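# A look at the structure
Listed here are the chains, written in short residue letters.
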Amino acid sequence: MTDNKNKKILVTGAKGMVGHALVKHLQEENYKNILAVGRTDLDLTDSAAVDSYFDKYRPDFVYMIAAKVGGIAANMSDPVGFLVDNLKIELNLYQACHKYKTAKNLFLGSSCIYPKECPQPMKENYLLTGTLEPTNEGYALSKITGLRLAEYYYQQYGMLTVCPMPCNIYGTGDHFDLQKSHVLSALVKRFIDAVDEQTNSVTLWGTGIARREFIHVDDVAQALLFFMETHSSPEFVNLGTGKDITIRELAELIASEADYQGKIVWDESKPNGMLKKCLDITKLEALGFTPQVSLKKGVQKTIAEYRQIKQQLSRDNK
Ligand SMILES: NC(=O)c1ccc[n+]([C@@H]2O[C@H](COP(=O)([O-])OP(=O)(O)OC[C@H]3O[C@@H](n4cnc5c(N)ncnc54)[C@H](OP(=O)(O)O)[C@@H]3O)[C@@H](O)[C@H]2O)c1
């Protein structure tokens, strides 16, 4: 839609992994008027600041990407923060979008919204059919509220917010520090560090039988623009590859791509988490979107990027 290329596009969370990839993709697609906003530009939990930002800049399209995100430990130690900060961000953005009459918005969900014992693959209509995983319930409740607000604002005021709902995202800009990183980037770091330090054994949690689904952030960026430009319903849609892999297979793939020759030891005293987590992507396929980055290619890219980060760090420390 060439018409939108000159419109004002607000991307929140623009300094994070997904937001950064989206801004890059929008620039590549020749969108000229991008407001790429990070936390230091605008604290989205501050309602007065959000209101005056919208009053000043009047965005036409709003990507609600920013969120307080974190691993299990962070979620368990701060459930109030994960629920309250994310609700504030969502409420401030939805209210401002409504007040300043944006043309269209996008809210990004997360697959933790599904019940703990969800049948697999997870279909959109399984939402709210069971108890949530307790370790990140606060975060999940905030995301569920964000998805429901999209529907309520549409029904009550006709304001359209589209809602892709992604599986695990990895790729450029992901965190590699072990406190914040997600599983795939954490494994890349473990195996590359083991190669560099000539360690011949890497110990991983669980038995490796849990199955997980991963999508590369470049595919997510493409999907977000696809949804903004083509989708016209506030009902959320799963965004994934529809293919899952065991953590053991993933570890072996990364070890092989990293040229790690040592042993992989599974610490079976540690939990596996849910045994399977895979999205049903029938709706996504019907809309005509297909992710392009294979897991192997994505892993190769992530390994190259982590190597670059390490080289840069060692140059900086000299
Ligand atoms: N990564 C995944 O596997 C995954 C899976 C499903 C859904 N998602 C969703 O994707 C979105 C982006 O996640 P990500 O992986 O890109 O995480 P990320 O790299 O941590 O990016 C999130 C961004 O939001 C910003 N933010 C947080 N609180 C803010 C506030 N009060 N005001 C302004 N900005 C704030 C963060 O800024 P600071 O860095 O300053 O905190 C950060 O730049 C989130 O909505 C997340 O729920 C991610």
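On a predicted model such as this, the values are computed, not experimentally measured, just so you know. Along each chain, residues carry numbers from 1 onward, in the same order as the chain's sequence is written. Where totals are concerned, whole chains, interfaces and linings use all residues; where local detail is concerned, this predicted model gives features only for residues with pLDDT of at least 70, and gives and counts side-chain atom pairs only at 80 or more. Each side-chain value is worked out from all heavy atoms of the structure, with water and hydrogens disregarded.

### Some thoughts on the side chain of His-216
- A run of H or I in DSSP counts as a helix once it spans at least four residues, and a run of E counts as a strand once it spans at least two, with each numbered from the N terminus. Within the fold, His-216 resides in strand E9 (residues 211-216).
- Beyond its immediate sequence surroundings of up to four residues, His-216 is in contact with Tyr-170, Gly-171, Thr-172, Val-293, Gly-298 and Lys-301. Residues count as neighbours in contact if any of their non-hydrogen atoms are within 4.5 Å of one another.

### Here's the deal with the site of the ligand
- Neighbouring the ligand are 26 residues, the closest being Arg-39, Ile-65, Tyr-139, Lys-143 and Ile-169.
- Tyr-139 places a polar side-chain atom, nitrogen or oxygen, 2.5 Å from an oxygen atom of the ligand.
- In isolation the ligand has 890 Å² of accessible area, and contact with the protein removes 86% of it. Here a residue is near a molecule or strand as soon as one of its heavy atoms is found within 4 Å of it. Here a polar contact means two N or O atoms within 3.5 Å. Within protein one must be a hydrogen donor candidate and the other an acceptor candidate, and residues neighboring in sequence count only if both atoms are side-chain atoms. Only the protein chains shown count as cover for residues, and all accessible areas are computed by the Shrake-Rupley method using a 1.4 Å probe.

### Observations regarding the packing of aromatic side chains
- Two rings from Phe, Tyr or Trp (for Trp, the six-membered ring) form a pair when their centres are within 6.5 Å of each other. A pair whose planes differ by under 30 degrees is stacked, one over 60 is edge-to-face, and the rest are tilted. In total, this model carries 12 aromatic pairs according to the counting rule given.
- Taken together, a centroid distance of 6.2 Å and an interplanar angle of 40 degrees make the contact between Tyr-94 and Phe-107 tilted. With Tyr-94 in helix H4 (residues 79-99) and Phe-107 in strand E4 (residues 104-107), this pair connects stretches of sequence that are 13 residues apart. Comparing Tyr-94 with Phe-107, the two get one shared label, buried.
- Summarising the aromatic geometry, the rings of Tyr-170 and Phe-214 are spaced 6.4 Å apart at their centres and angled 85 degrees between planes, so their arrangement reads as edge-to-face. Note that Tyr-170 is positioned in strand E7 (residues 168-170) and Phe-214 in strand E9, a separation of 44 residues in sequence. Take Tyr-170 and Phe-214: they sit in the same class, and that class is buried.
- One aromatic cluster is present, built from ring pairs that chain together Tyr-94, Phe-107, Tyr-153 and Tyr-157.
- Over the ring of Phe-82 we find Lys-68; its NZ or CZ atom is 4.8 Å from the centre of that ring. Only protein chains enter the area calculation, which uses a 1.4 Å probe; residues under 20% of their type maximum are buried, those over 50% are exposed, and those in between are partly exposed. A ring is scored as having a charge over it whenever the NZ atom of a lysine or the CZ atom of an arginine sits within 6 Å of its centre and within 35 degrees of its normal.

### Some points on the domain arrangement of the protein
- Throughout the structure description, domain borders are defined by an automatic or database domain assignment. As far as domains go, the protein holds domain 1 (2-169 + 213-239) and domain 2 (174-212 + 243-277 + 294-316).
- Centre-to-centre, using C-alpha coordinates, domain 1 lies 28 Å away from domain 2.
- With 13 residues of domain 1 in contact, the opposing surface of domain 2 contributes 15 residues.
- Accessible area that two parts lose when put together, with a 1.4 Å probe and added across both, is what the buried area reports. In total, about 1200 Å² of surface goes out of reach between domain 1 and domain 2, with carbon and sulfur atoms giving 62% of it.
- Together, Gln-120, Glu-213 and Phe-214 form the three largest contributors to the area buried by domain 1 at its contact with domain 2, with a combined 47%.

### Comments concerning the sheet that holds strand E11 (residues 244-246)
- By this definition, two strands are paired if DSSP reports at least two bridges between them. If you walk across this open sheet you meet the three strands as E7-E9-E11, and the pairing is mixed. Each of the sheet's edge strands pairs with one partner strand only, and the pair in question is E7 and E11. With direction set aside, neighbouring strand axes in the sheet form an average angle of 50 degrees.
- Examined bridge by bridge, E9 and E11 share three bridges and lie antiparallel to one another. Within the sheet, the bridge partner assigned to Glu-213 lies in E11 and is Asp-244.
- Each of E7 and E9 touches helix H7 (residues 217-230); the most contacted strand, E9, lies at about 65 degrees to it.
- Set on the sheet, helix H8 (residues 247-257) makes contact with E9 and E11; between it and E11 the angle comes to about 80 degrees. Structural elements are reduced to axes, namely lines fitted to C-alpha atoms, with helices fitted over the stretch in contact, and the angle between N-to-C directions of any two is expressed from 0 to 180 degrees.

### Regarding unusual backbone geometry
- Pro-121 follows Gln-120 through a cis peptide bond whose omega is -10 degrees.
- Along the polypeptide, Pro-121 turns up in the loop between E4 and helix H5 (137-157).
- Positive phi, close to 55 degrees, is recorded for Gln-198, a residue that is not glycine.
- When you line up the elements, Gln-198 lands in the loop between helix H6 (183-196) and strand E8 (201-205).
- Look at Gln-198 and you get exposed, because its relative accessible area is 72%.
- Even without a glycine there, the phi angle at Asp-259 is positive, about 60 degrees.
- Along the chain, Asp-259 turns up in the loop between H8 and strand E12 (263-267).
- Assessed through its relative accessible area of 53%, Asp-259 is described here as exposed.

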